[in-house]
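# Descriptive structure summary
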Number of protein chains: 2
Amino acid sequence: MKKLIVLFSISLYLFSCAQKEEKVISSAQLSSEEKIDSTNIKLMFNSALTHGKSYEWLRDLTSIGGRLSGSPEAALAVMWGERVMKEAGLDSVWLQPAIVPHWIRGEKEIAYFVSNGKKVDMAVCALGGSISTPKNGIVAEVIEVKTIKEAEALGEKARGKIIFYNRPFNNTLINTFSAYGGCVDQRAYGAKTVGKFGALAVIVRSMTNKIDNYPHTGTMRYGDIPLNEYIPAAAISTLAAENLSMNLKENPRLKVFLKQSSKNLPKENSFNVIGEIRGVENPEKIIVVGGHLDSWDLGDGAHDDGTGVVQSLEVLHIFKKNNIKPKNTIRVVFFMDEEQGGGGAKAYAAMAKTTKEIHIGGLESDAGGHTPRGFTIDANTANTALLKSWKKLLSPYGLHDIEKGGSGADISPLKSEEVTLVGYRPDSQRYFDYHHAATDTFDKVNKRELELGSASMASMIYLMDKYLYQNTPVKL
Amino acid sequence: MKKLIVLFSISLYLFSCAQKEEKVISSAQLSSEEKIDSTNIKLMFNSALTHGKSYEWLRDLTSIGGRLSGSPEAALAVMWGERVMKEAGLDSVWLQPAIVPHWIRGEKEIAYFVSNGKKVDMAVCALGGSISTPKNGIVAEVIEVKTIKEAEALGEKARGKIIFYNRPFNNTLINTFSAYGGCVDQRAYGAKTVGKFGALAVIVRSMTNKIDNYPHTGTMRYGDIPLNEYIPAAAISTLAAENLSMNLKENPRLKVFLKQSSKNLPKENSFNVIGEIRGVENPEKIIVVGGHLDSWDLGDGAHDDGTGVVQSLEVLHIFKKNNIKPKNTIRVVFFMDEEQGGGGAKAYAAMAKTTKEIHIGGLESDAGGHTPRGFTIDANTANTALLKSWKKLLSPYGLHDIEKGGSGADISPLKSEEVTLVGYRPDSQRYFDYHHAATDTFDKVNKRELELGSASMASMIYLMDKYLYQNTPVKL
């Protein structure tokens, strides 16, 4: 044993073991078609990891900064998207008009309270779509609630108050999107719920697992309430939320000052950016792969959704680089305005209904650029089973989670019984650290994780192109 | 369809879908014992994610800084380890003496070449165990090689030269440990190979996937070569390596200056830190869980292996916090000196042979603190199959990769036919960005990823304690 230790040079031990562990699928387990698939998938991973362009594209795109729908930065992003698609040598590239909202944040928001004669600043930001406060801000007492139901029950008690929604993420949920889904109603409908009672504003705890001092913005909705019930809505950092809550316990009459100057301008004309490689057998049949080009303004929209954009283009780049000729047309779409209403998704879906093209599948990447975990499938029973059968080809790349589930906001309007929609699912653990905050920046994206995601998506598109093709319907 | 879009508030679409996706195992698939296990595993995950201490322990430990074996910082880490184990309320805590090397880096290393009259600095650092250069440094021509074999073939050509090992990581390998395993011979044996030919020094490309300007240190070995064949060895950043290689192509007579003042001091006395919860049924049977307390000096040893240390203690903390009484004794070991020879591992293994204790299992965490992926198993056929059968209990937590493989440098000396050794395997994609470099610092560790790892390990120890127990041998 002693000799073994010496021989192994102990600190190298783990690695000499690990070296033997690189997983390959035993050929014996595969049919001859699957062997071809396995080889092609390995080829695509090698390509992404050695000649991938996604990381440099992302550096470029994020250098524009945040890309709010309707903003000059979003317009620059459209130009950037058209340029890189043309440089990638796609068969055709075009812009598709879309109508988008144009909300602006205005000046840096201010919020504070005074405790024991000391001013305590709070990190806040206006929520997307929110109106401004009056020019001189709002000063009011605060009522803390944990749920929309609790807010709804306030009734007249809410009048003249700031309502503070402070339900935290449930950190015991393994998939952080589940925790987000369990909280985001506060952000979306918090203002709408108490505007009718005469509340002056709402402050909403940021949508993140992390306790830090960055507020996370995101869309809020007034829905169909009358204009006079519109009240301003701001996000507050989780650290400031915890602190405010603690101070409210000591002093329930505490007054908070809030000032923001955000506003909604008239709608703007913008574009989806679209490119494609024509299918060699059935060019009229389309498989879409995409992410969204717009982003929130606080960071530079790296994980949400710069990564999805560059990964989607990388799929086509990998096909071209390796001379893989798709049977169907593979189309990349950089969707505009996922964040504030889906103007781009609506425009695309409307077009899809009126052309002779037949959409047979779609894949969306809008869950960050972290290490690959799998895909969720929104398809009929047969195609769901078909996609699940690809697990043995994909699991050597960490893609184990291939289950029924949603696809994505931008492609879901294409849903029908015949179309197979898929969402790319990277690891979710770090996503809400950055999501919609000033911290969602290029340096948070790891090159290998991004490239592995591109290759995962390319593999899925390759398999969809090869196997969905056989039994797709004609357009009625 | 249009209505659907409006209802769904498109940017919330993904998340309302995701919310439904939190995976639970259908009870129908589980036996009654497995249902109990499933409940207990969920309990342990909840505990780690809501009351875990690992992140704050790691903040504390890394605040000591790098913890080279034999250094004052390593001694502080021992004191820290003893204190936190006692605070965790373990049944007993003790220090186990171990003899360790004491290598010091000395002054900041200097390396440069002159190209077109311009001095080009290169980011280098001495490799662990390396001797110094002469006081005034070395100036010599450089021969670039890619393999030990190529270096071996140089023979007399190496005399008076600096040998530059420049074989990069194979980035197409999905598990980055495989790429490391394919390159680390250059670092370990590069100097030994050419010292005998009269080479003056070696410079070794850093062991990382990333192209950046941080040199990565790590151990090198002179083995049994005579003292007069010892030559200094330094790591060079990948960026500097690429640049040096390019310049050598233009000017093969290029001379490099290298100066370092590292040296080996007499061995030191140090300690493993050990604590345990006594088993309620078979206290003499031991399951070890551990990581290593020492680290390299450039960063603060966060991922290598601060995370393994705090996760291992968290396993016992989770047991105590949830009043889970193990059948066997669960022992946590903070091993000293994994990086430079395994003095702690040797001391522990020697003790294990001479006491009446029977080691039935071990689990090591020394592959970083990233998001959980699985475990590798070093055990007999029956127990390997047993551990693999736990996949259905562990896969809801992202633990899909449960395969035969190595355990870890510190517990592998315990190997026998009867003992079941396991290595914790988090995602490897980012690990070598930081490994042994100045960038391996606390801020690179994500709290949730760390906590999920602690819970993964606690779940494995829980299952080992429950199921390995039944058929373990008596000591001969």
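In this text, all values refer to a predicted model and were calculated from it rather than measured experimentally.

### Some remarks on the overall build of chain A
Broken down by element type, chain A carries 15 helices and 16 strands. Dimensions along the principal axes, computed over C-alpha positions, put chain A at roughly 75 × 75 × 40 Å. Among the 476 residues that make up chain A, the fraction classed as buried is 57%.

### Remarks on the sheet that holds strand 5 (residues 138-145) of chain B
Residues and elements named next belong to chain B. The strand order across the open sheet built from 8 strands is 3-2-9-5-6-7-8-4, with neighbouring strands paired in mixed fashion. Each edge of the open sheet carries a strand with a single partner, namely strand 3 (118-121) and strand 4 (124-126). Going across the sheet, the axis of each strand differs from the next one's by a mean of 35°, ignoring polarity. Inspection of the sheet shows strand 2 (residues 110-115) paired to strand 3 by 4 bridges, in the antiparallel sense. Bridge pairing links Phe 113 to Val 120 in strand 3.

### Observations concerning the environment of Leu 90 of chain A
All names here are of chain A. Position of Leu 90 relative to the elements: it lies in the loop between helix 5 (72-87) and strand 1 (92-104). Of the residues examined, Leu 90 has 22 C-beta atoms within 10 Å and is grouped as buried. As for Leu 90 and Gly 155, which are separated by 65 residues in sequence, their C-alpha atoms are 58 Å apart. With near-sequence residues (within four places) excluded, Leu 90 lies in contact with Met 85, Gly 275, Glu 276, Ile 277 and Leu 316.

### Examining unusual backbone geometry
All names here are of chain A. Backbone torsion omega between Asp 304 and Asp 305 reads 5°, so that peptide bond is classified as cis. Counting through the fold element by element, Asp 305 comes out in helix 10 (residues 302-321). One non-glycine residue, Asn 116, adopts positive backbone phi at about 50°. Note that Asn 116 resides in the loop between strand 2 (110-115) and strand 3 (118-121).

### Details of the domain arrangement of chain A
Residues and elements named next belong to chain A. Looking at chain A, the domain boundaries give domain 1 (29-99 + 267-471) and domain 2 (109-264). Distance from the C-alpha centre of domain 1 to the C-alpha centre of domain 2: 34 Å. On the domain 2 side, the residues contacting the 14 residues of domain 1 number 17 residues. When grouped by side-chain class, the residues that make up the side of domain 1 that touches domain 2 number 6 nonpolar, 6 polar and 2 charged.

### Some words on the environment of Gly 65 of chain A
Residue and element names in this part refer to chain A. Structurally, the position occupied by Gly 65 is in the loop between helix 4 (54-62) and helix 5. Taking the number of C-beta atoms within 10 Å as the measure of exposure, Gly 65 has 18 and is therefore partly exposed. Here the alpha-carbon distance between Gly 65 and Leu 76, two residues 11 residues apart in the chain, equals 9.9 Å. The residues touching Gly 65, leaving out its near neighbours within four places in the chain, are Glu 73 and Asp 300.

### A short note on helix 5 (residues 72-87) of chain B
All names here are of chain B. Relative to the 22 Å expected for 16 residues at 1.5 Å per residue, helix 5 spans 23 Å between its end C-alpha atoms, a close match to the ideal helical length. Buried within helix 5 are the following residues: Ala 74, Ala 77, Val 78, Trp 80, Gly 81, Val 84 and Met 85. Each buried residue of helix 5 sits inside an arc of 165° when the element is viewed along its axis, so together they form one side. Of the residues in helix 5, the exposed ones pointing more than 90 degrees away from the buried face are Pro 72 and Lys 86. Each element contacted by the buried residues of helix 5 is listed here: helix 4 (54-62), strand 1 (92-104), strand 10 (263-277), helix 10 (302-321) and strand 12 (328-335). A positive phi of about 75° marks Gly 89, the residue just after helix 5.

### Some remarks on the packing of helix 3 (residues 32-51) of chain B against helix 15 (residues 447-467) of chain B
When two helices pack together, their arrangement is given by the angle between the helix axes and by the axis-to-axis distance. Residues and elements named next belong to chain B. Remark: helix 3 packs on helix 15, axes separated minimally by 8 Å, with the N-to-C direction vectors making an angle of 150°. The orientation of helix 3 with respect to helix 15, classified from their angle, is roughly antiparallel. Where helix 3 crosses over helix 15, the handedness of that crossing is right-handed. Residue-level contacts link Asp 37, Asn 40, Ile 41, Met 44, Phe 45, Ala 48 and Leu 49 of helix 3 to Glu 451, Ser 454, Ala 455, Ala 458, Ser 459, Tyr 462 and Leu 463 of helix 15. The residue inventory of the contact of helix 3 with helix 15, partitioned by class, reads 9 nonpolar, 3 polar and 2 charged.

### Topic: the sheet that holds strand 5 (residues 138-145) of chain A
Residues and elements named next belong to chain A. Within the open sheet, the 8 strands sit side by side as 3-2-9-5-6-7-8-4. Their pairing is mixed. For this open sheet the edge positions go to strand 3 and strand 4 (124-126), each flanked by a neighbour on one side alone. The average undirected angle you get between the axes of adjacent strands in this sheet is 35°. Bridging between strand 7 (residues 201-205) and strand 8 (residues 233-236) involves 4 bridges; their strand directions are parallel. The residue of strand 8 that forms the bridge with Ile 203 is Ala 234. Against the sheet, helix 8 (residues 184-195) contacts strand 6 (162-165), strand 7 and strand 8, and its axis sits at roughly 155° relative to strand 7.

### What to know about the confidence of the model for chain A
Residue and element names in this part refer to chain A. Residues at a pLDDT of 70 or more form 92% of chain A, whose mean pLDDT is 94. Low pLDDT (under 50) marks residues 14-21, which in the prediction has 25 contacts with non-local residues, meaning those over four places away or in another chain. Per the prediction output, this complex has pTM 0.94; the corresponding ipTM is 0.94.

### Considering the pairing of strand 16 (residues 420-426) of chain A
Residues and elements named next belong to chain A. Of all the 7 residues making up strand 16, 7 are buried; the element is thus mostly covered by neighbouring parts of the structure. Sheet topology places strand 13 (residues 358-364) next to strand 16; 4 bridges connect them, and they run parallel. In the sheet register, Glu 364 faces strand 16, and the bridge partner there is Gly 423. Where strand 14 (residues 372-378) and strand 16 come together, 6 bridges link them in antiparallel fashion. Bridge pairing in strand 16 links Pro 372 to Pro 426.

### Considerations on the packing of helix 4 of chain B against helix 15 of chain B
All names here are of chain B. It is at 9 Å that the axes of helix 4 and helix 15 come closest, and there the two elements cross at 110°. Put simply, helix 4 runs roughly perpendicular to helix 15. Between helix 4 and helix 15, the residues in contact are Ser 54, Tyr 55 and Leu 58 and Lys 447, Leu 450, Glu 451 and Ser 454, respectively.

### Some thoughts on helix 11 (residues 343-354) of chain B
Relative to the 16 Å expected for 12 residues at 1.5 Å per residue, helix 11 of chain B spans 17 Å between its end C-alpha atoms, a close match to the ideal helical length. Of all the positions in helix 11 of chain B, only Gly 343, Gly 344, Ala 345, Lys 346, Ala 347, Tyr 348 and Ala 349 of chain B are classed as buried.

### What about the environment of Lys 415 of chain A?
All names here are of chain A. Mapped onto the elements, Lys 415 comes out in the loop between strand 15 (401-404) and strand 16. C-alpha separation for the pair Lys 415 and Tyr 348, spaced 67 residues apart in sequence, amounts to 12 Å. Leaving out residues up to four positions away in the same chain, Lys 415 has contacts with Asp 378 and Leu 421.

What counts, and at which threshold
- Residues numbered from 1 in each chain as written.
- Chains lettered and ligands numbered in written order.
- Predicted model: local features only at pLDDT ≥ 70, side-chain atom pairs only at ≥ 80, totals over all residues.
- Helix = DSSP H or I, 4+ residues; strand = E, 2+ residues; numbered from the N terminus.
- Buried ≥ 20, exposed ≤ 12 C-beta atoms within 10 Å, placed from the backbone.
- Pairing = 2+ DSSP bridges.
- Axes fitted to C-alpha atoms, helices over the stretch in contact; angles between N-to-C directions.
- Contact = placed C-beta atoms within 7 Å.
- Domains from an automatic or database assignment.
- Nonpolar A, V, L, I, M, F, W, Y, C, P; charged D, E, K, R; others polar.
- Expected span 1.5 Å × (residues − 1).
- Arc of directions from axis to C-beta.
- Parallel < 35°, antiparallel > 145°, perpendicular 65-115°, else oblique.
- Left-handed = near helix turned anticlockwise from the far one by under 90°.
- pLDDT = per-residue confidence, 0-100.

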